[in-house]
Amino acid sequence: MSAPRRRWPRASWGMIVWLTAVWVLLWGDINAANILAGLGIALLVTTAAPLPFAPFDGRFRLWGVARLVVRFAYDVIVASLQISLKTIRRQQPRGAVIRVRLRSHSDTFLTATAGMSSLVPGSIVVEAHRLTGTLYLHVFDVELAGGLEHAHRTVLEQEERILRAFASRDQLIDAGYAPGSSPRAGRLPAASTGGAARPAGRAPGREEGR
């Protein structure tokens, strides 16, 4: 009797694809060499240091994923050009640390929001509080970010795009969003969320500079 064939968990393949995509985006050049190198590194990472299993009960929305990818690529390109131009002009940046309380209760989406926010040049997550769903981000230059309020709103919009791409209907409602793959679906009235209790301090908060 032959030994049972080992199969990779579905989540592992998803992680491999994600890590490969991140590697290619970091290099900024889509070619066969970068894709193969990213695939090799992703296989090495997931084999040598596998992440603990995390249940995912969301759903895949093609239109939401397309919006997420296109907007993320746009943000990366624009931010890179803005920072490059500011560096060439030798202008002194005025940085700040902002606090953003996310609307989702999921660790998965908190991690995804933190990762994608950090990949956009000009902002990086310096601390994340899992229990309160709070991210602390360092903003390279407040003026380039459009001000503290705009920087705060940008993170929440990033979270919304991630949720509309991958969150389940219940997760969207719990975060206060009307179900759908487009932000045009809008927010739900507070009474429509079913009165879901939030951890202390978990409600979307205001930003604060340091």
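The preceding data block contains the structure.
What you are looking at is a predicted structure, and each value in this text was computed from that prediction instead of being measured.

How each quantity is defined
- Residues numbered from 1 in each chain as written.
- Predicted model: local features only at pLDDT ≥ 70, side-chain atom pairs only at ≥ 80, totals over all residues.
- Heavy atoms only, no water.
- Axes fitted to C-alpha atoms, helices over the stretch in contact; angles between N-to-C directions.
- Helix = DSSP H or I, 4+ residues; strand = E, 2+ residues; numbered from the N terminus.
- Parallel < 35°, antiparallel > 145°, perpendicular 65-115°, else oblique.
- Left-handed = near helix turned anticlockwise from the far one by under 90°.
- Contact = heavy atoms within 4.5 Å.
- Buried < 20%, exposed > 50% of the residue type's maximum accessible area, 1.4 Å probe, protein only.
- Pairing = 2+ DSSP bridges.
- Salt bridge = Lys/Arg side-chain N within 4 Å of Asp/Glu carboxyl O.

Draft legend 1. Up close: the packing of helix H4 (residues 107–119) against helix H5 (residues 148–166). In the contact formed by H4 and H5, the axes pass within 9 Å of each other and the chain directions differ by 125°. Put simply, H4 runs oblique to H5. The element H4 and its partner H5 pack so that their crossing is right-handed. Taken together, the residues of H5 that come into contact with H4 (itself represented by Phe-109, Ala-112, Thr-113, Met-116 and Ser-117) are Val-155, Gln-158, Glu-159, Ile-162, Leu-163 and Phe-166.

Draft legend 2. Layout of the pairing of strand S3 (residues 134–139). Burial of S3 is extensive: five of the six residues sit out of reach of the surface. In terms of strand pairing, strand S1 (residues 96–101) meets S3 through six bridges, oriented antiparallel. Within the sheet, the bridge partner assigned to Arg-99 lies in S3 and is Tyr-136. The hairpin formed by strand S2 (residues 123–129) and S3 contains four residues between the paired strands, and Gly-133 there has a positive phi angle of roughly 65°.

Draft legend 3. Quick look at the pattern of salt bridges. For the structure shown, the criterion picks out six salt bridges. With its nearest N and O atoms 3.7 Å apart, the salt bridge here joins Asp-75 to Arg-161. Taken together, the residues span a long stretch of sequence, with Asp-75 in helix H3 (residues 62–88) and Arg-161 in helix H5 at a distance of 86 residues. There is no split in this pair, since Asp-75 and Arg-161 are both buried. We note a salt bridge from Arg-153 to Glu-157, for which the minimum N-O separation is 3.9 Å. Taken as a pair, Arg-153 and Glu-157 lie in helix H5 at a separation of four residues, close to a single helical turn. A single salt-bridge network, built from bridges that share partners, covers Arg-71, Asp-75 and Arg-161.

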